[in-house]
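# Descriptive structure summary
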Amino acid sequence: RAAMEASELWVGFVGAGRMAGGLVRGLLQAGKVPASNILASAPSDKNLDAWRELGCRTTHCNLEVVHRSTLVFLATKPHILPGVLEEIRPAVGPHHIVVSLVAGVTIQTLQRLLPPWTKVLRIMPNLPCVVQAGAMVFSRGSNAGDEEAALLKSLLSSCGLCEEVPESYIDIHTGLSGSGVAYVYLFAEALAEGAVKMGMPGALASRIAAQTLLGAAKMLLETGEHPAKLRGDVCTPGGTTIYALHQLEKGALRATVMDAVEAATNRACDMAKD
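Per an unreviewed UniProt entry, the protein chain goes by the name Pyrroline-5-carboxylate reductase and belongs to Sinosuthora webbiana. In UniProt, the protein chain has this text filed under Subcellular location (unreviewed entry): "Cytoplasm". The Subunit (unreviewed entry) field of the UniProt record for the protein chain holds the comment "Homodecamer; composed of 5 homodimers."

See below:
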């Protein structure tokens, strides 16, 4: 039923930033929702022009989005959200599904600031959603049932991996995947710079580094093997890879990355308390 309803769905976005735009592109490319069924609001035209080019409708009025949509995505900056919820609260009815993309705002807070019957879900995407290769997790509030969860998963699977998790995992996901994208970029940059040091042109090195990461990730997902098993498959006795891995171990790569995930997760927890 969720998939069948998607094409008849009226979808609204309160906030029209880059992440929201990435989700919309995924929905449109997958044919999940027609552009004419999508309405986005933002204070200025700066972000809305890109939505118009996609064929979506736009407005400067948040209330109009709620009045004309069934599924409403909240995609504002965290400090703006309480004021937005106060504004739209009178228009939220039992038929609405409200999905927050806003970092650091808990389901409990969303439910407190919206009418008591509201079906609330919280999703945490990451930047590669912009190219439909994201990693997303979502959690549901007390009034959101299996139907709402299935609908959301059906829609957002067009933007990448989408998993339902307990809300306590959302901050961990931020440390692992939301911030983790930046760790991977840093690693890609270092890989390419190593090749430049050894005499390869920079542009070629960057392309090969990116393809190496893409291929390695695809093998992890498609084989389902543990990373250690695949790593072992690349190592031959006395070969190049084991010499290189020895250097990475001397530099404490694994411990440093684990520390990075921990630091980002703790920061996400702190931001939620602010």
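Here we take up the state of the cysteines. Considering all chains together, one arrives at 0 disulfides under this definition. No disulfide involves C162; its nearest neighbouring cysteine sulfur is the one of C159, lying 8.5 Å away. Residue C162 is classed as buried on the basis of its relative accessible area, which comes to 6%.

What the domain assignment lists for the protein chain is domain 1 (11-169) and domain 2 (179-272). Of note, the centres of domain 1 and domain 2, computed from C-alpha atoms alone, are 32 Å apart. Facing 4 residues of domain 1, the contacting portion of domain 2 comprises 4 residues. The interface formed by domain 1 and domain 2 includes 0 salt bridges. Where domain 1 packs against domain 2, one counts 0 residue pairs in polar contact (both at pLDDT 80 or more). Class assignment for the residues of the side of domain 1 that touches domain 2 results in 2 nonpolar, 2 polar and no charged.

With that settled, the discussion passes to the UniProt feature "binding site: NADP(+)" (unreviewed entry) in the protein chain. On the UniProt side, "binding site: NADP(+)" (unreviewed entry) is annotated at positions that read A75, T76, K77 and P78 here. The residue A75 is located in the loop between strand 4 (71-74) and helix 5 (81-88) in this model. Excluding residues within four positions of it along the chain, A75 makes contact with V14, G15, A20, L101 and V102. Checked against the element boundaries, P78 lands in the loop between strand 4 and helix 5. Assessed through its relative accessible area of 38%, P78 is described here as partly exposed. Those residues in contact with P78 that sit more than four places away from it in its chain are V102 and A103.

The next point concerns the pairing of strand 5 (residues 97-100). Residues I97 and V99 line one face of strand 5 and the alternating positions V98 and S100 line the opposite face, and both faces are buried. Pairing of strand 4 with strand 5 involves 4 bridges; the strand directions are parallel. For L71, the partnering residue across the bridge sits in strand 5 and is I97. Chirality of the crossover, the property in question, places the unit of strand 4, helix 5 and strand 5 among those that are right-handed. Examined bridge by bridge, strand 5 and strand 6 (residues 119-124) share 4 bridges and lie parallel to one another. For S100, the partnering residue across the bridge sits in strand 6 and is R122. Handedness of the crossover is the feature at issue here: the chain leaves strand 5, passes through helix 6 (residues 107-113), returns alongside strand 6, and the resulting connection is right-handed.

As for its placement among the helices and strands, T76 is situated in the loop between strand 4 and helix 5. Classification of T76 by relative accessible area gives buried; the value is 16%.

Take the nonpolar core next. Within the largest apolar cluster, 35 residues are counted, with the highest numbers of intra-cluster contacts made by F13 and W51. Ranked by the residues each element gives to this core, the list is headed by helix 7 (residues 146-156), at 5 residues. Ignoring any residue separated from it by four or fewer positions in sequence, one finds F13 in contact with A20, V24, I38, L39, A40, S41, W51, V65 and F73.

Moving on, we get to a nonpolar patch on the surface. Among the surface-exposed residues, F187, L191, L248, L253 and V257 lie close enough to one another that they form a single nonpolar patch of about 360 Å² accessible area. For L253, the position within the fold is in helix 13 (residues 253-273). Taking relative accessible area as the criterion, L253 reaches 35% and is therefore assigned partly exposed.

The rules we used
Residues numbered from 1 in each chain as written. Predicted model: local features only at pLDDT ≥ 70, side-chain atom pairs only at ≥ 80, totals over all residues. Heavy atoms only, no water. UniProt positions renumbered as here; feature names shortened; annotations may be inferred. Disulfide = S-S within 2.5 Å. Buried < 20%, exposed > 50% of the residue type's maximum accessible area, 1.4 Å probe, protein only. Domains from an automatic or database assignment. Contact = heavy atoms within 4.5 Å. Salt bridge = Lys/Arg side-chain N within 4 Å of Asp/Glu carboxyl O. Polar contact = N/O pair within 3.5 Å; in protein donor to acceptor, adjacent residues only side chain to side chain. Nonpolar A, V, L, I, M, F, W, Y, C, P; charged D, E, K, R; others polar. Helix = DSSP H or I, 4+ residues; strand = E, 2+ residues; numbered from the N terminus. Pairing = 2+ DSSP bridges. Right-handed = clockwise from strand over helix to strand, strands pointing away. Core = buried A, V, L, I, M, F, W, Y, C linked by side-chain atoms within 4.5 Å. Patch = residues over 30% accessible without salt bridge, like charges linked within 9 Å, V, L, I, M, F, W, Y side chains within 5 Å. Areas by Shrake-Rupley, 256 points an atom, 1.4 Å probe, with all protein chains shown as cover.

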